[in-house]
Amino acid sequence: AAWNTGLYVGVPPGAVLEEPVHVLIDAAGGGTLPRLVVDVGRGAQAVVVEEHAGGDAGSRVVSASELHAADGARLRHVLVQTWGEGVCGHLTARARAGRDADVLTVFASFGGERSKVELSCDLAGEGARSEMIGVVMGAGRQRFDHHTRHRHLAGRTWSNIDFKAVADAAARSSYTGLIRIEQDARGSEAYQENRNLLLSDGSRADSIPELEILNQDVSCSHGATVAPVDPEQVFYLQSRGLDPDEALRLVVRGFLEKTLGRLPGDLRERLEDLVGARLASLQGSAS
């Protein structure tokens, strides 16, 4: 219930925002408690970029975002975390999709010391769609903890999760993903994929997919992998004239390519810039 900074974004029914709404939240200071509420009216379309940046070892952030997509609305929510070294924070984004609404959540975590992110979407109207696409890249002793949840409350709803994590040095990534399909949500489809790439012996990734299916008229599946970089791939690239750092960067880019390729053009460009910068900092310790 506590908060010390907040913003409300309301998009009228039928309106189409030509440019993204960019919300920048600076973690500077001892404690930041931001709140963001986004209401997208019936048949409206909007892109909201929520970026958490800045801060230092004394910074703490606890953020909550409420996203509402009315019937037939189209909402794109981008949650990017690039905190400074030493920041600890907990980010929550809860979405609700009405009948035939389409919600895309893009999340990327790169900074801070300890970061927890919880993302959920309730598919409350028949024909609603929700997709979550995420990328995490950690180094040093960073700790990332991500939770996703899709609740299918109505029939003929569709959800998908594509989450990739890359961990170097002693970094650790933990992921828990829950798909719950209620008894009345017949004809629904849900998919969940989590892939993890470890760049060093000291890095670690944990993946816990969860399914709760309360009726039999559904299509639901999940997949999870945790694996180190294939040394044969790096060797092959080096045999073609690349140095070890270039070879490693190419392997990691290939690992992320399918996920990044699912993004709309403008969002993909932004995320690829962040990934490129992060790769440059990973190379020295990974090689």
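Going by the structure above, here's the rest.
In this text the structure is predicted, and so the values were computed from the model without any measurement.

Rules behind the numbers
Residues numbered from 1 in each chain as written. Predicted model: local features only at pLDDT ≥ 70, side-chain atom pairs only at ≥ 80, totals over all residues. Heavy atoms only, no water. Helix = DSSP H or I, 4+ residues; strand = E, 2+ residues; numbered from the N terminus. Buried < 20%, exposed > 50% of the residue type's maximum accessible area, 1.4 Å probe, protein only. Contact = heavy atoms within 4.5 Å. Areas by Shrake-Rupley, 256 points an atom, 1.4 Å probe, with all protein chains shown as cover. Lys, Arg positive; Asp, Glu negative; His and termini not counted. Charge placed at Lys NZ, Arg CZ, Asp CG, Glu CD. Salt bridge = Lys/Arg side-chain N within 4 Å of Asp/Glu carboxyl O. Polar contact = N/O pair within 3.5 Å; in protein donor to acceptor, adjacent residues only side chain to side chain. Pairing = 2+ DSSP bridges. Axes fitted to C-alpha atoms, helices over the stretch in contact; angles between N-to-C directions. Core = buried A, V, L, I, M, F, W, Y, C linked by side-chain atoms within 4.5 Å. Phe/Tyr/Trp six-rings, centres within 6.5 Å; stacked < 30°, edge-to-face > 60°.

S.K.: Sorry, what's going on with the overall build of the chain here?
M.R.: Regarding its fold elements, the chain presents three helices and 17 strands. Judged by the C-alpha coordinates and their principal axes, the chain covers about 55 × 45 × 30 Å. By residue count, 50% of the 287 residues in the chain fall in the buried class. Excluding contacts between residues fewer than 6 apart, the proportion of contacts in the chain whose partners are at least 24 apart in sequence is 85%. Carbon and sulfur atoms provide 49% of the accessible area of the chain, an area that totals close to 12500 Å². Averaging the positions of the 30 positive and the 39 negative side-chain charges in the chain gives two centres separated by 4 Å.

S.K.: Is there a simple way to explain the side chain of arginine 278 in this structure?
M.R.: Looking at the secondary structure, you find arginine 278 in helix H3 (residues 265-286). Put simply, arginine 278 is tucked away with no salt bridge, and the nearest opposite charge, on aspartate 168, sits 8.4 Å away. Here glutamine 142 takes part through its side chain, which lies 2.3 Å from a polar atom of the side chain of arginine 278. Not counting the four nearest positions on each side in its chain, arginine 278 is found in contact with Phe110, Met137, Gly138, Ala139 and Gln142.

S.K.: How should the pattern of salt bridges be read in this particular structure?
M.R.: Note on pairing: side chains with opposite charge can pair once their charged atoms come close. Counted under the stated rule, the structure contains 17 salt bridges. Two residues, arginine 156 and glutamate 126, come together in a salt bridge whose shortest N-O distance is 2.8 Å. Separated by 30 residues along the polypeptide, arginine 156 in the loop between strand E12 (143-152) and strand E13 (158-167) and glutamate 126 in the loop between strand E10 (114-123) and strand E11 (129-138) bring together distant segments of the chain. Judged by its relative accessible area of 47%, arginine 156 falls in the partly exposed class. Of the residues examined, glutamate 126 reaches a relative accessible area of 30% and is grouped as partly exposed. For the salt bridge of glutamate 182 with arginine 180, the shortest nitrogen-to-oxygen distance reads 2.5 Å. Judged by relative accessible area, arginine 180 falls into the partly exposed class, the value being 24%. When salt bridges with common partners are traced through the structure, they connect Arg96, Asp122, Arg149 and Arg151 into a single cluster.

S.K.: Quick question: what am I supposed to make of the side chain of glutamine 142 here?
M.R.: Here glutamine 142 lies in the loop between E11 and E12. Judged by its relative accessible area of 9%, glutamine 142 is buried. In terms of polar contacts, glutamine 142 uses its side chain to reach the backbone carbonyl oxygen of phenylalanine 110, at 3.0 Å. Reaching out from glutamine 142, the side chain makes a polar contact with the backbone oxygen of glycine 111 at a distance of 3.4 Å.

S.K.: Even after reading the chapter, I still don't get the sheet that holds strand E2 (residues 21-26), so can you show me in this structure?
M.R.: Paired through backbone hydrogen bonds, the strands of a sheet run either parallel or antiparallel to each other. The parallel open sheet is built from eight strands, whose spatial order is E2-E5-E7-E9-E11-E13-E15-E17. Of all the strands in the sheet, just E2 and strand E17 (218-228) have a single pairing partner and so form its edges. Neighbouring strand axes in the sheet, compared pairwise and without regard to direction, differ in orientation by 5° on average. Both E13 and strand E15 (residues 188-198) contribute to a ladder of ten bridges, which runs parallel. Paired with lysine 164 across the bridge in E15 is arginine 195.

S.K.: Help me understand the nonpolar core in this model?
M.R.: In a soluble, globular protein the nonpolar side chains are often hidden away together inside. By size, the foremost hydrophobic cluster in this structure holds 38 residues, and its most contacted members are Val38, Val40, Leu75 and Leu119. Dropping the residues within four chain positions of it, leucine 119 is found in contact with Leu79, Ala93, Thr105, Phe107, Met132, His147, Thr148 and Arg149. If you look at the next biggest cluster of nonpolar residues, it comprises 30 residues, including Ile133, Leu199, Leu256 and Leu271.

S.K.: Would you take a moment to explain the packing of aromatic side chains for this structure?
M.R.: Each aromatic ring pair is described using two quantities: the centre-to-centre distance and the angle formed by the ring planes. According to the stated counting rule, one finds two aromatic pairs in the structure shown. Their ring planes at 40° and their centres at 5.4 Å tell us that phenylalanine 107 and phenylalanine 163 sit as a pair that is tilted. Of this pair, phenylalanine 107 sits in strand E9 (residues 102-109) while phenylalanine 163 sits in strand E13, and the two are 56 residues apart along the sequence. Across this residue pair, the class does not change: phenylalanine 107 and phenylalanine 163 are buried. Aromatic pair phenylalanine 163 and tyrosine 175: ring centres 4.8 Å apart, planes at 50°, arrangement tilted. Highlighted residues: phenylalanine 163 in strand E13 and tyrosine 175 in strand E14 (residues 172-181), separated in sequence by twelve residues.

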